[in-house]
Amino acid sequence: FLFSSYVLGMVGVKCSIILLYRRIFPSRQVGKALLGISGVLMAWFFAALFCSIFNCYPISKAWKPSVSGFCLDYGVVTLVIGIANILLDFTLLGLPMPLLWNLHVSTRRKVLLMFMFALGCR
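Residues numbered from 1 in each chain as written. Predicted model: local features only at pLDDT ≥ 70, side-chain atom pairs only at ≥ 80, totals over all residues. Heavy atoms only, no water.

1. Let's talk about the confidence of the model for the chain
Residues of the chain with pLDDT of at least 70 account for 94%, and the chain-wide mean is 87. When pLDDT is averaged over each element of the chain, helix H2 (residues 28-53) comes out on top at 91 and helix H1 (residues 2-24) at the bottom at 85. (pLDDT = per-residue confidence, 0-100. Helix = DSSP H or I, 4+ residues; strand = E, 2+ residues; numbered from the N terminus.)

Below, the structure written as C-alpha coordinates:
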(Lines give C-alpha, C1' and ligand atoms only; values in the text may rest on other atoms or scores of the structure.)
Protein backbone atom coordinates (compact mmCIF):
# COMPACT_ATOMS: atom_id res chain seq x y z
CA PHE A 1 0.00 0.00 0.00
CA LEU A 2 3.06 2.24 0.16
CA PHE A 3 2.97 2.36 -3.64
CA SER A 4 -0.62 3.64 -3.52
CA SER A 5 0.31 6.61 -1.33
CA TYR A 6 3.23 7.41 -3.64
CA VAL A 7 0.89 7.39 -6.64
CA LEU A 8 -1.59 9.57 -4.75
CA GLY A 9 1.17 12.11 -4.09
CA MET A 10 2.11 12.19 -7.77
CA VAL A 11 -1.52 12.72 -8.76
CA GLY A 12 -1.75 15.62 -6.32
CA VAL A 13 1.30 17.30 -7.84
CA LYS A 14 0.05 16.78 -11.38
CA CYS A 15 -3.41 18.15 -10.49
CA SER A 16 -1.83 21.26 -9.00
CA ILE A 17 0.19 21.78 -12.20
CA ILE A 18 -2.97 21.34 -14.29
CA LEU A 19 -4.82 23.91 -12.15
CA LEU A 20 -1.85 26.30 -12.43
CA TYR A 21 -1.86 25.96 -16.23
CA ARG A 22 -5.62 26.52 -16.27
CA ARG A 23 -5.15 29.76 -14.38
CA ILE A 24 -2.20 30.99 -16.46
CA PHE A 25 -3.62 30.00 -19.87
CA PRO A 26 -7.39 30.70 -19.76
CA SER A 27 -8.12 29.91 -23.43
CA ARG A 28 -10.84 27.41 -24.27
CA GLN A 29 -8.52 25.15 -26.30
CA VAL A 30 -6.06 24.84 -23.42
CA GLY A 31 -8.97 24.13 -21.08
CA LYS A 32 -10.11 21.26 -23.29
CA ALA A 33 -6.59 19.87 -23.49
CA LEU A 34 -6.22 20.10 -19.72
CA LEU A 35 -9.58 18.39 -19.23
CA GLY A 36 -8.43 15.54 -21.47
CA ILE A 37 -5.13 15.26 -19.59
CA SER A 38 -7.06 15.27 -16.30
CA GLY A 39 -9.21 12.38 -17.54
CA VAL A 40 -6.14 10.38 -18.55
CA LEU A 41 -4.53 11.22 -15.20
CA MET A 42 -7.54 9.95 -13.26
CA ALA A 43 -7.69 6.78 -15.36
CA TRP A 44 -3.97 6.24 -14.73
CA PHE A 45 -4.44 6.80 -11.00
CA PHE A 46 -7.29 4.32 -10.64
CA ALA A 47 -5.47 1.73 -12.76
CA ALA A 48 -2.35 2.09 -10.61
CA LEU A 49 -4.37 2.00 -7.41
CA PHE A 50 -6.35 -1.12 -8.34
CA CYS A 51 -3.27 -2.90 -9.67
CA SER A 52 -1.44 -2.29 -6.42
CA ILE A 53 -4.38 -3.30 -4.20
CA PHE A 54 -5.68 -6.23 -6.23
CA ASN A 55 -2.30 -7.55 -7.30
CA CYS A 56 -3.23 -11.09 -6.25
CA TYR A 57 -6.36 -13.18 -6.71
CA PRO A 58 -7.59 -13.94 -4.14
CA ILE A 59 -6.26 -10.88 -2.30
CA SER A 60 -5.21 -12.98 0.70
CA LYS A 61 -2.54 -14.65 -1.49
CA ALA A 62 -0.50 -11.45 -1.16
CA TRP A 63 0.27 -12.23 2.50
CA LYS A 64 -0.36 -15.98 2.51
CA PRO A 65 1.63 -17.64 -0.27
CA SER A 66 0.11 -21.02 0.60
CA VAL A 67 -3.33 -19.90 -0.66
CA SER A 68 -4.07 -21.17 -4.16
CA GLY A 69 -4.42 -18.46 -6.79
CA PHE A 70 -2.11 -16.19 -8.75
CA CYS A 71 -0.37 -12.83 -8.46
CA LEU A 72 0.56 -10.40 -11.19
CA ASP A 73 4.24 -9.78 -11.81
CA TYR A 74 4.64 -6.66 -9.67
CA GLY A 75 7.77 -5.59 -11.57
CA VAL A 76 5.88 -5.48 -14.88
CA VAL A 77 2.94 -3.63 -13.29
CA THR A 78 5.31 -1.05 -11.79
CA LEU A 79 7.13 -0.67 -15.12
CA VAL A 80 3.89 -0.03 -17.05
CA ILE A 81 2.65 2.43 -14.43
CA GLY A 82 6.03 4.19 -14.48
CA ILE A 83 6.07 4.51 -18.27
CA ALA A 84 2.56 5.98 -18.22
CA ASN A 85 3.69 8.38 -15.49
CA ILE A 86 6.65 9.55 -17.58
CA LEU A 87 4.41 10.07 -20.62
CA LEU A 88 2.02 12.15 -18.51
CA ASP A 89 4.97 14.18 -17.19
CA PHE A 90 6.24 14.98 -20.68
CA THR A 91 2.73 15.83 -21.85
CA LEU A 92 2.29 18.28 -18.98
CA LEU A 93 5.78 19.65 -19.58
CA GLY A 94 5.24 20.16 -23.30
CA LEU A 95 1.72 21.62 -23.15
CA PRO A 96 2.67 25.27 -22.47
CA MET A 97 5.68 25.39 -24.82
CA PRO A 98 3.80 26.36 -28.04
CA LEU A 99 1.80 28.91 -26.08
CA LEU A 100 4.96 30.45 -24.68
CA TRP A 101 6.61 30.54 -28.10
CA ASN A 102 3.68 32.54 -29.52
CA LEU A 103 4.05 35.32 -26.93
CA HIS A 104 4.91 38.79 -28.22
CA VAL A 105 8.19 39.14 -26.34
CA SER A 106 11.84 38.87 -27.35
CA THR A 107 13.25 35.47 -28.24
CA ARG A 108 15.54 35.64 -25.22
CA ARG A 109 12.54 36.04 -22.90
CA LYS A 110 10.67 33.24 -24.65
CA VAL A 111 13.60 30.89 -24.13
CA LEU A 112 13.92 31.94 -20.48
CA LEU A 113 10.18 31.40 -19.92
CA MET A 114 10.34 27.99 -21.56
CA PHE A 115 13.33 27.11 -19.41
CA MET A 116 11.46 28.25 -16.30
CA PHE A 117 8.44 26.08 -17.16
CA ALA A 118 10.75 23.17 -17.99
CA LEU A 119 12.29 23.40 -14.49
CA GLY A 120 8.87 22.53 -13.10
CA CYS A 121 9.33 18.91 -14.13
CA ARG A 122 10.09 17.58 -10.66
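Picking up after the structure, the text goes on.
2. Description of H2
The end-to-end C-alpha distance of H2, which contains 26 residues, comes to 37 Å, matching closely the 38 Å that a straight helix rising 1.5 Å per residue would cover. Of all the positions in H2, only Val-30, Gly-31, Leu-34, Ile-37, Leu-41, Trp-44, Phe-45, Ala-48, Leu-49 and Ser-52 are classed as buried. (Expected span 1.5 Å × (residues − 1). Buried < 20%, exposed > 50% of the residue type's maximum accessible area, 1.4 Å probe, protein only.)

3. Observations concerning unusual backbone geometry
A cis geometry characterises the amide bond from Tyr-57 onward to Pro-58, with omega recorded as -10 degrees. Looking at the secondary structure, you find Pro-58 in the loop between strand S1 (56-57) and strand S2 (70-71).

4. Points about the state of the cysteines
With the rule as written, the count across this model stands at one disulfide. Across the disulfide, Cys-56 is cross-linked to Cys-71 (sulfur-sulfur distance 1.9 Å). Measuring the twist about the S-S bond at about 105 degrees, one finds the Cys-56-Cys-71 disulfide to be right-handed. In this pair, Cys-56 is assigned in strand S1 and Cys-71 in strand S2, connecting sequence segments 15 residues apart. Cys-51 carries a free sulfur, and the closest cysteine sulfur to it, the one in Cys-56, is 12 Å from it. (Disulfide = S-S within 2.5 Å.)

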